[in-house]
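Here's the letter readout for the chains.
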Amino acid sequence: MVNIYMGKNSCYAKKEGIYVSSGVMDLGRAAAHLYLHLKDLERRKTYDHECNEIIMDFQLFENRSKYLVKICIEQVRDRNVCSKVEELVNYVIKYRKLPEWALKLAQQYIVKTISIEKFL
């Protein structure tokens, strides 16, 4: 099973050339995931854990977004941090956009890869 969004070996790294930097699911990484979830929802496609292209509908968007809170609770174990993640998730689900502060934070956690063809 491959991580969809996080890490240099994720589906997003392989298929899209960007990924969320590895680490625990803090507010910054949650914001970065939400940014990519919104991108997927807008274009109506995403990947499964085998990197197959699938449809991103609102239900999958909502499920993936809410799952970030569960991951935060398991990894960070800080009620303050995870309540902020939950607030952000609820905002994004309701308004289908990131607040400006979260967009700036997300950008700090998104890594762009470069292919050798583009490098040369």
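Quick look at the structure, then. (Residues numbered from 1 in each chain as written. Predicted model: local features only at pLDDT ≥ 70, side-chain atom pairs only at ≥ 80, totals over all residues. Heavy atoms only, no water.)

Observations regarding the overall build of the protein chain
The helix and strand inventory of the protein chain stands at 6 helices and 4 strands. Its helices and strands taken in sequence order, the protein chain reads α-β-α-β-β-α-α-α-β-α from the N to the C terminus. Radius of gyration (C-alpha) of the protein chain: 14 Å, near the 14 Å computed for a compact globule of 120 residues. Taken along its principal axes, the extent of the C-alpha atoms in the protein chain is 45 × 30 × 25 Å. A separation threshold of at least 6 residues defines the contact pool for the protein chain, and within that pool the share at least 24 residues apart is 54%. Entry remark: accessible area of the protein chain is about 7500 Å², with carbon and sulfur atoms responsible for 50%. Here the protein chain contributes 20 positive and 15 negative side-chain charges, whose respective centroids are spaced 2 Å apart. (Helix = DSSP H or I, 4+ residues; strand = E, 2+ residues; numbered from the N terminus. Rg over C-alpha atoms; globule rule 2.2 N^0.38 Å. Contact = heavy atoms within 4.5 Å. Areas by Shrake-Rupley, 256 points an atom, 1.4 Å probe, with all protein chains shown as cover. Lys, Arg positive; Asp, Glu negative; His and termini not counted. Charge placed at Lys NZ, Arg CZ, Asp CG, Glu CD.)

Some points on helix 4 (residues 79-95)
Here helix 4 contains 17 residues, and its C-alpha end-to-end distance of 24 Å stays within 8% of the 24 Å for a straight helix at 1.5 Å per residue. What helix 4 keeps buried is the set Cys-82, Val-85, Leu-88, Val-89, Val-92 and Ile-93. The buried residues of helix 4 occupy one face: seen down the axis, they fall within an arc of 135°. Turned more than 90 degrees away from the buried face of helix 4, the exposed residues are Arg-79, Asn-80, Glu-87 and Lys-94. Buried residues in helix 4 make contact with helix 2 (27-43), helix 3 (58-75) and helix 5 (100-107). The backbone nitrogen of Asn-80 lies 2.9 Å from a side-chain oxygen of the residue at the head of helix 4, namely Asp-78. Downstream of helix 4 by a residue or two, Arg-96 has a phi angle that is positive, lying close to 55°. (Expected span 1.5 Å × (residues − 1). Buried < 20%, exposed > 50% of the residue type's maximum accessible area, 1.4 Å probe, protein only. Arc of directions from axis to C-beta. Polar contact = N/O pair within 3.5 Å; in protein donor to acceptor, adjacent residues only side chain to side chain.)

Examining the state of the cysteines
Under the counting rule described, the total for this entry stands at 2 disulfides. Between Cys-11 and Cys-51 runs a disulfide, and the two sulfur atoms are separated by 2.1 Å. The sign of the -90° torsion about the S-S bond sets the Cys-11-Cys-51 disulfide as left-handed. Taken together, the residues Cys-11 in helix 1 (residues 11-16) and Cys-51 in the loop between strand 2 (46-47) and strand 3 (53-54) connect sequence positions 40 residues apart. Summarising the burial analysis for this pair, Cys-11 and Cys-51 share the class buried. Across a sulfur-sulfur distance of 2.2 Å, Cys-72 and Cys-82 are joined as a disulfide pair. (Disulfide = S-S within 2.5 Å.)

Considering the nonpolar core
Counting residues in hydrophobic clusters, the biggest one holds 36 residues, and the most contacted among them are Leu-88 and Leu-98. Mapped onto this core, the elements with two or more residues apiece are helix 1, strand 1 (18-20), helix 2, helix 3, helix 4 and helix 5. If we ignore the near neighbours within four places in the chain, the residues touching Leu-88 are Leu-27, Ala-31, Leu-34, Leu-98, Pro-99, Trp-101 and Ala-102. (Core = buried A, V, L, I, M, F, W, Y, C linked by side-chain atoms within 4.5 Å.)

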